[in-house]
Amino acid sequence: MRIKLICQYLIVLLAGSASAEDKITFYRDGALLQQEAAAVKGTIDIPLPPGLVEHTLKIIPTPGTRILAVEAHKTATGSIAEKELETLAEQRLRLEDRLQALETREAIFTAAAKAQSGKAPRKSKANPDPMHGIRQGTDFAIAQLEAVYTARRKTAQEIKRIDARLTEAGKNSRSASTTVRITVTPPRGRVTLRYATAEQRWQPYYNLYPAGDGTARLQLYARITGETRGRQVRVSAGSFTESTSAATFPVQPGGAPFAAYLLPITEERCTEGIFNRFSAIITNSSPNYLPPGDSGLYRSGAYLGKFRFDGLSSGRNRVISLGE
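Right, let's walk through the structure included here. As the structure is a prediction and not an experimental result, all values here were calculated from the model. (Residues numbered from 1 in each chain as written. Predicted model: local features only at pLDDT ≥ 70, side-chain atom pairs only at ≥ 80, totals over all residues. Heavy atoms only, no water.)

A look at the environment of arginine 277
Here's step 1: Considering the arrangement of structural elements, one finds arginine 277 in strand β13 (residues 277-283).
Here's step 2: Judged by relative accessible area, which is 37%, arginine 277 ranks as partly exposed.
Here's step 3: Spatially, the C-alpha atoms of arginine 277 and serine 321 are 7.5 Å apart, while their sequence positions differ by 44 residues.
Here's step 4: Engagement of the side chain of arginine 277 in a polar contact is seen with the backbone oxygen of glycine 323, the distance being 3.3 Å. (Helix = DSSP H or I, 4+ residues; strand = E, 2+ residues; numbered from the N terminus. Buried < 20%, exposed > 50% of the residue type's maximum accessible area, 1.4 Å probe, protein only. Polar contact = N/O pair within 3.5 Å; in protein donor to acceptor, adjacent residues only side chain to side chain.)

Structure (structure tokens):
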């Protein structure tokens, strides 16, 4: 009878520890963390990570536990570091918004250039030289496309610079400390903490495999910064404000891709010699936004190099190139 009771107790204990596993979900502008904590003599002292986003801390008592008081203490150094991290994260989101706006401009002027070049010249008294007007319209659309490509390249470079500054700001903020003290009853009560931080981030990177039949397999991976041991880890291409609607994916162990897409690819051109060159138009036929990141290119099993994937909204297409 005693052995049976011990076994039942162990089953309940193991079930409780499995359900209490800590979780972290990475978004484009930070991470949402959830962790369990148990009180000792009615008190829980929890050090919070740097870059805590203001007004995101929520403490939920487990059934049978009541929260009596909550006190948070943070150093002045921590406040400065957190503000810098939040500012940089906001700047990065604005740049990604600009990339998406440039996608729309590119689609508009690409269509305009095709429409102008496809016009049939018709002479009239009011328009004695129709080719001149067509050339003007085409040249204008191409000039606008060049401006879009330049702006997109500069925006991608600025995102890289901000990522480097985010990493540095995160390192500088680690000397700061933020601690929350929770008083509960009963003395061994338990709570769940949920909060967002701008310091822990994920960086997307890809591998692209053109199949040669009008399709390409795009594998999406997550490069994680920050401590994740002992946590269930998920990632999302959305931001904090999109967290209720954006899809999240579990990060696979061993560096495996967490998502793969079979996408249409057209106008594929490839030169393999001393210099590898590749270009094509790829369409995001998936329902998800594909965030910007570096991508490896594999063709017929051979690795050809890396190119910058500037991000792509659902239903949009974009020229990708390597060595061009």
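A look at the sheet that holds β13
Here's step 1: Taken together, the 7 strands give an open sheet; going across it, the order is β15-β14-β8-β9-β12-β13-β16, and neighbouring strands pair in mixed fashion. Two strands in the sheet have a free side with no partner beyond their single neighbour: β15 (302-309) and β16 (317-322). Averaged over all pairs of adjacent strands, the angle between their axes in this sheet comes to 30 degrees, without regard to strand direction.
Here's step 2: In this sheet, β16 lies alongside β13 in antiparallel orientation, the contact comprising 6 bridges. Counterpart to isoleucine 282 in the pairing with β16 is arginine 318. (Pairing = 2+ DSSP bridges. Axes fitted to C-alpha atoms, helices over the stretch in contact; angles between N-to-C directions.)

Let's talk about the side chain of threonine 65
Here's step 1: Relative to the helices and strands, threonine 65 resides in the loop between β4 (58-61) and β5 (66-74).
Here's step 2: Overall, threonine 65 belongs to the buried group, its relative accessible area being 13%.
Here's step 3: There is a polar contact of 3.1 Å between the side chain of threonine 65 and the backbone nitrogen of arginine 190.
Here's step 4: What threonine 65 contacts, discounting residues up to four positions off in sequence, is Val184, Thr185, Pro186, Gly189, Arg190 and Val191. (Contact = heavy atoms within 4.5 Å.)

Remarks on the packing of aromatic side chains
Here's step 1: Enumeration according to the criterion identifies 7 aromatic pairs in this entry.
Here's step 2: Between tyrosine 209 and tyrosine 298, the ring centres sit 5.0 Å apart and the planes meet at 20 degrees, which makes this aromatic pair stacked. Here tyrosine 209, found in strand β8 (residues 201-210), pairs with tyrosine 298, found in strand β14 (residues 293-299); they are 89 residues apart in sequence, far enough to count as distant.
Here's step 3: Following the ring pairs from residue to residue traces out a cluster consisting of Trp202, Phe249 and Phe258.
Here's step 4: The lysine or arginine in question, arginine 217, covers the ring of tyrosine 209, its NZ or CZ lying 4.3 Å from the ring centre.
Here's step 5: For the cation-ring pair, arginine 223 lies above tyrosine 205, with the distance from its terminal atom to the ring centre recorded as 4.3 Å. (Phe/Tyr/Trp six-rings, centres within 6.5 Å; stacked < 30°, edge-to-face > 60°. Lys NZ or Arg CZ within 6 Å of the ring centre and 35° of its normal.)

A short note on the pattern of salt bridges
Here's step 1: Within the structure shown, the criterion is met by 13 salt bridges.
Here's step 2: In this structure, the salt-bridge partner of glutamate 96 is arginine 92, at a minimum N-O distance of 2.4 Å. Note that glutamate 96 and arginine 92 are positioned in helix α2 (residues 76-117) at a spacing of 4 residues, about one turn of the helix. In this pair, the class of glutamate 96 matches that of arginine 92, namely buried.
Here's step 3: Note that arginine 92 and aspartate 163 form a salt bridge whose closest N and O atoms lie 2.5 Å from each other. Linking arginine 92 in helix α2 with aspartate 163 in helix α3 (residues 130-173), this pair joins segments that are 71 residues apart in sequence.
Here's step 4: Here arginine 92 falls in the buried class, since its relative accessible area comes to 5%.
Here's step 5: The structure contains a network of salt bridges with shared partners spanning Arg28, Arg92, Glu96, Asp163 and Glu242. (Salt bridge = Lys/Arg side-chain N within 4 Å of Asp/Glu carboxyl O.)

Quick look at the nonpolar core
Here's step 1: Ranked by internal contacts, the top residues of the largest apolar core, which has 42 residues, are Ile44, Ile182, Val191, Leu193, Leu208 and Ile320.
Here's step 2: What valine 191 contacts, discounting residues up to four positions off in sequence, is Gln35, Glu36, Ala37, Ile44, Ile59, Ile60, Pro61, Thr62, Thr65, Ile67, Ile182 and Val184.
Here's step 3: If you look at the next biggest cluster of nonpolar residues, it comprises 10 residues, including Val53, Leu85, Leu166 and Ala196. (Core = buried A, V, L, I, M, F, W, Y, C linked by side-chain atoms within 4.5 Å.)

Regarding the sheet that holds strand β10 (residues 231-236)
Here's step 1: The 6 strands are arranged β4-β7-β2-β1-β10-β11 in an open sheet whose pairing can be described as mixed. Edge positions in the sheet fall to β4 and β11 (248-250), since each of these pairs with one other strand and no more. On average, each strand axis in the sheet is inclined to that of its neighbour by 20 degrees, with strand direction left out of account.
Here's step 2: The pairing of β4 with strand β7 (residues 190-197) spans 4 bridges and is antiparallel. Residue isoleucine 60 lies in a different strand from β7, and its bridge partner there is threonine 192.

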